[in-house]
Amino acid sequence: MGYIKNYDQLATNDNRKFVLDLIEAAYTAIQPPHVFENNFSIENDILKIFNQTFDLSKFERIFLLGFGKGSAGNCKLLEGKLGDRLIDGYDIDVVEDEHFQKVHYTKGTHPLPSEENIAFTRHAIEHLEHITKNDLVLIVTCGGGSVLFEAPNKLNLEQITAVNQALLKSGADITEMNAIRKHLSRVKGGGLAKILYPATVINLIFSDVPGNDLSVIASGPLVKDHSTMDDVKKIIAKYSLDRSMNLPADAFSETPADPKYYENVHNILMLSNHTALDAMEKLAKEKGHEVHVMSDQLQGDARTLGEKLIKETASGQILLAGGESTIKVTGKGKGGRNQALVLYALPFITDETVLASVGSDGWDFYELAGALADKDTHKKMEEMHLDAAPFLTDDNSYEFWTKTGDGINTGHLDSNVSDLYIVFKP
């Protein structure tokens, strides 16, 4: 049994089946058991992560803190590996209730914050802000942490929700969105590093950000921030956000700048979309196909990016890419950026071409990971007398893919390394 729940329904021809197999290979490669098996070990109190080692016997207490989509699965593995060494732990994710021995789990919300998210963050901080230089804190930082791990400086839930709603609809990229979030928060932009100082911190980062800028992933809670209040003002002006966010003048503040807060922090990139792309490339080559890995940090408007991907793919080639598109929402329908990307690209999907776009965490909003389209999609549209135009106008890609049956359904998955794009031109 693979990760794509509706695999059999989607695999209506050999080309589709091959693209689905590539997606399965990507999902398999980025799941926590594979990541930790190859890159994390504890032997005789020596913790080894890639080529870095830490002597656990030097610490009086060890704590665990996780946040973001996919953090629960990673924290569960860490809890097992740490065993009796672990004193206490806290994790927030969007999956159903996880069962831990020592880690206190909270099911939070994404892409908008909630009282659960804020209460979790407050509770975790209260239990960790008095630790000492003799303590070690292991952190699992995953994409989505900006919303799930939330401690506003001054704003209430209604205000911080309005900010996130405005950002999601603005068309701003992840770096711009997180710059604003950092300057509204006590924990982002290095804020958590200040709270945990002077303890030793090992931050295991699972990147969902194109280019893997550690200061952007989950808004960089343990990374020194380089954005300024001037940057925030420029972003607000660029996307005309002042009216939709409607914030008081003193809502923003500078992020922690003192170098001492970061001296004992070890930021380690555990996983990125390189792992997923490598897995797909390997399988495609094993099957005898020519592969072009276009980018691991692709960005652009979902309305035009699908067309660009198709045009960049040569005949007889498979194009692979990872990244994150954006879309300015103007309609009232349901959808996600991956579903929208494929829907907008439909006119350019001809002959035997297959296009797929999926979220690596299995969630592109409204139960789908993304969508896949080819000649079979066009055939179903003709049979159903289905016109894509009104669905595009109303940003209603989810309803369209529900009708054609070409939405990819995986449910929430335990890793999040941005979006994945595949074009197959046999």
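The structure this text deals with has already been given above.
Parameters and conventions
Residues numbered from 1 in each chain as written. Predicted model: local features only at pLDDT ≥ 70, side-chain atom pairs only at ≥ 80, totals over all residues. Heavy atoms only, no water. Buried < 20%, exposed > 50% of the residue type's maximum accessible area, 1.4 Å probe, protein only. Helix = DSSP H or I, 4+ residues; strand = E, 2+ residues; numbered from the N terminus. Pairing = 2+ DSSP bridges. Contact = heavy atoms within 4.5 Å. Axes fitted to C-alpha atoms, helices over the stretch in contact; angles between N-to-C directions. Parallel < 35°, antiparallel > 145°, perpendicular 65-115°, else oblique. Left-handed = near helix turned anticlockwise from the far one by under 90°. Nonpolar A, V, L, I, M, F, W, Y, C, P; charged D, E, K, R; others polar.

Q: I'd like to hear about the pairing of strand S12 (residues 354-359), residue by residue, with values.
A: One face of the sheet, then the other: side chains in a regular strand alternate in exactly this way. The element S12 is largely enclosed, with a buried count of six among its six residues. Every second residue of S12 is oriented toward a common face, with Val 354, Ala 356 and Val 358 on one face and Leu 355, Ser 357 and Gly 359 on the other, all of them buried. Inspection of the sheet shows S12 paired to strand S15 (residues 419-425) by six bridges, in the antiparallel sense. When the sheet's bridge partners are listed, Ser 357 is paired in S15 with Tyr 421. Bridge count for S12 against strand S13 (residues 370-373) is four bridges, and the pairing is antiparallel. The residue of S13 that forms the bridge with Val 358 is Gly 370.

Q: Can you lay out the environment of Gly 411 for me, pointing to particular residues and giving the numbers?
A: Within the secondary structure layout, Gly 411 lies in the loop between strand S14 (407-408) and S15. Here Gly 411 falls in the buried class, since its relative accessible area comes to 10%. Taking C-alpha positions, Gly 411 is 6.4 Å from Glu 367, a pair spaced 44 residues apart along the chain. Apart from residues lying up to four places away in sequence, Gly 411 is in contact with Lys 5, Asp 361, Gly 362 and Trp 363.

Q: Kindly report on the packing of helix H3 (residues 32-39) against helix H4 (residues 71-82), identifying the contributing residues and their values.
A: Packed helix pairs are specified by the crossing angle of their axes together with the interaxial distance, meaning the distance between the axes. For the pair H3 and H4, interaxial distance at closest approach is 9 Å and the crossing angle is 40°. If you check the angle between H3 and H4, you find them oblique. Note that H3 runs across H4; the crossing there is right-handed. Contacts between H3 and H4 involve Pro 32, Pro 33 and Phe 36 from the former and Gly 73, Asn 74, Leu 77, Leu 78 and Lys 81 from the latter. Looking at side-chain class alone, the contact of H3 with H4 contains five nonpolar, two polar and one charged residues.

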